[in-house]
Amino acid sequence: MTPRVALVTGCGKGDGMGQAIAHRLAAAGHAVVVTDLAPTGVLNVRQERAGVPERHRWDGLDALVAEIRAAGGSAEAVLGDIADPVDAERMVAAAPAYLASKAGVIGLTRSLAMDVAAWGITVNAICPGLVGTSRAILDPDPDPDLDPDATLAARGRAIPVGRVGLPTDIAAAVQYLAGEDAGYVTAQTLVLDGGGLTPFPLPRPAEGAAHG
């Protein structure tokens, strides 16, 4: 599918359909704007009377955005009531603006490259996917007992190359683009995402298989 920006409503609850839809669309490469009436959604009658079990408590839209970003996706949160015309218009406007901000970086790269190329200056953009930094773990997983290596390894299995990116992967690309060998490379956008996140099963070589 061609990457788009999706406005997904009803995302405040951790066990709701909205958050599942947002995760799925983000994993497919789409940017998502997640919304709800309140940061943690609206309680139903039973929840209002009995409360929310501890296992279902979470930080709502902020937690959802952090989870999506940590997995290499793109997300923003907006509060509002889709039944209110003013709110609905504002949420939709926040979504065309979100797309423009992402496209703006690429547009600026190309425009600036045209302006300065005659002076031997190159301008390129790097778009990293999921990179195994501390932020990739700490934002969605505040549990102090979490095993960072095991968590990143599990997330890497959803990437064709079989692992998350490393800061050195990004640094190597920057070094190349800044060097003399890249003097003919300008106005380009380099996506470093290991092939991108996918919700589908990926082929893997048999463990211990010989490479020829």
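Residues numbered from 1 in each chain as written. Predicted model: local features only at pLDDT ≥ 70, side-chain atom pairs only at ≥ 80, totals over all residues. Heavy atoms only, no water.

Some words on the overall build of the chain
Formally: By definition, any uninterrupted DSSP run of H or I lasting at least four residues is a helix, any uninterrupted run of E lasting at least two residues is a strand, and each is numbered from the N terminus. We call a residue buried when its accessible area falls under 20% of the maximum for its residue type, exposed when it is over 50%, and partly exposed in between, using a 1.4 Å probe and counting protein chains only. Only heavy atoms enter the contact rule, under which two residues are in contact if any of them lie within 4.5 Å. What sets the accessible areas is the Shrake-Rupley method with a 1.4 Å probe; for residues, cover comes only from the shown protein chains.
Tallying secondary structure elements over the chain gives seven helices and five strands in all. Put simply, the chain runs from its N terminus to its C terminus through helices and strands in the order β-α-β-α-α-β-α-β-α-α-α-β. Looking at the 212 residues of the chain, the share that counts as buried comes to 28%. Here the contacts in the chain between residues at least 6 apart in sequence split such that 68% fall between residues at least 24 apart. Summed over its atoms, the accessible surface of the chain is roughly 13400 Å², and 59% of this surface lies on carbon and sulfur atoms.

Topic: the sheet that holds strand S3 (residues 74-79)
Heads up, the rule is: At least two DSSP bridges between two strands are needed for those strands to be called paired. Note on method: axes are straight lines fitted to C-alpha atoms, helices fitted across the in-contact stretch only, with angles between N-to-C directions ranging 0 to 180 degrees.
Spatially, the three strands line up as an open sheet ordered S1-S2-S3, and their pairing is parallel. Lying at the two open borders of the sheet, with one neighbouring strand each, are strand S1 (5-8) and S3. When the angles between neighbouring strand axes are averaged without regard to direction, this sheet yields 20 degrees. Relative to strand S2 (residues 31-36), S1 runs parallel, the two being bridged by four bridges.

Topic: the nonpolar core
Put simply, the test is: Residue types Ala, Val, Leu, Ile, Met, Phe, Trp, Tyr and Cys, when buried and joined through side-chain atoms within 4.5 Å, form a set referred to as a nonpolar core.
Listed in full, the 12 residues of the largest apolar core are Ala6, Val8, Cys11, Ala22, Ala26, Val32, Val34, Leu61, Leu64, Val65, Ile68 and Ala75. At the level of secondary structure, the elements contributing two or more residues to this core comprise S1, helix H1 (17-27), S2 and helix H3 (60-70). For this core, the leading source of residues is H3, giving four residues. Those residues in contact with alanine 26 that sit more than four places away from it in its chain are Val32 and Ile68. By size, the runner-up hydrophobic cluster in this structure holds six residues, among which are Ala31, Val33, Val78 and Ala95.

Some thoughts on the environment of methionine 91
Considering the arrangement of structural elements, one finds methionine 91 in helix H4 (residues 85-116). Between the alpha carbons of methionine 91 and alanine 77 there is a distance of 9.5 Å; along the sequence they are 14 residues apart. Contacts of methionine 91, omitting those with residues within four sequence positions, involve Leu7, Thr35, Val78, Leu79, Gly80, Asp81 and Ile82.

A look at H1
Under the convention used in this document: This arc is built from the directions going out from the helix axis to the C-beta atoms.
Taken residue by residue, H1 has Gly18, Gln19, Ala22 and Ala26 as its buried positions. Looking down the long axis of H1, one finds its buried residues gathered within 95 degrees of arc, a one-sided arrangement. Relative to its buried face, H1 has exposed residues pointing more than 90 degrees away, namely Met17 and Arg24. On its buried side, H1 packs onto S1, S2 and H3.

Considerations on the confidence of the model for the chain
Our working definition: For every residue, the predictor states its confidence as a pLDDT score lying anywhere from 0 to 100.
For the chain, per-residue confidence averages 82 on the pLDDT scale, and residues scoring 70 or more make up 83% of the total. Here helix H2 (residues 45-50) stands out as the least confident element of the chain, with mean pLDDT 60; helix H7 (residues 167-178) is the most confident, with 92.

Here's the deal with the pattern of salt bridges
Threshold: In what follows, salt bridge is the name for a side-chain nitrogen of Lys or Arg lying within 4 Å of a carboxyl oxygen of Asp or Glu.
Going through the model one piece at a time under the given rule, you end up with three salt bridges. Across the pair aspartate 87 and arginine 90 runs a salt bridge, and its minimum N-O distance is 3.3 Å. Here the residue aspartate 87 and the residue arginine 90 both occupy positions in helix H4, the gap between them amounting to three residues, near one helical turn. Since its relative accessible area comes to 38%, arginine 90 is described here as partly exposed.

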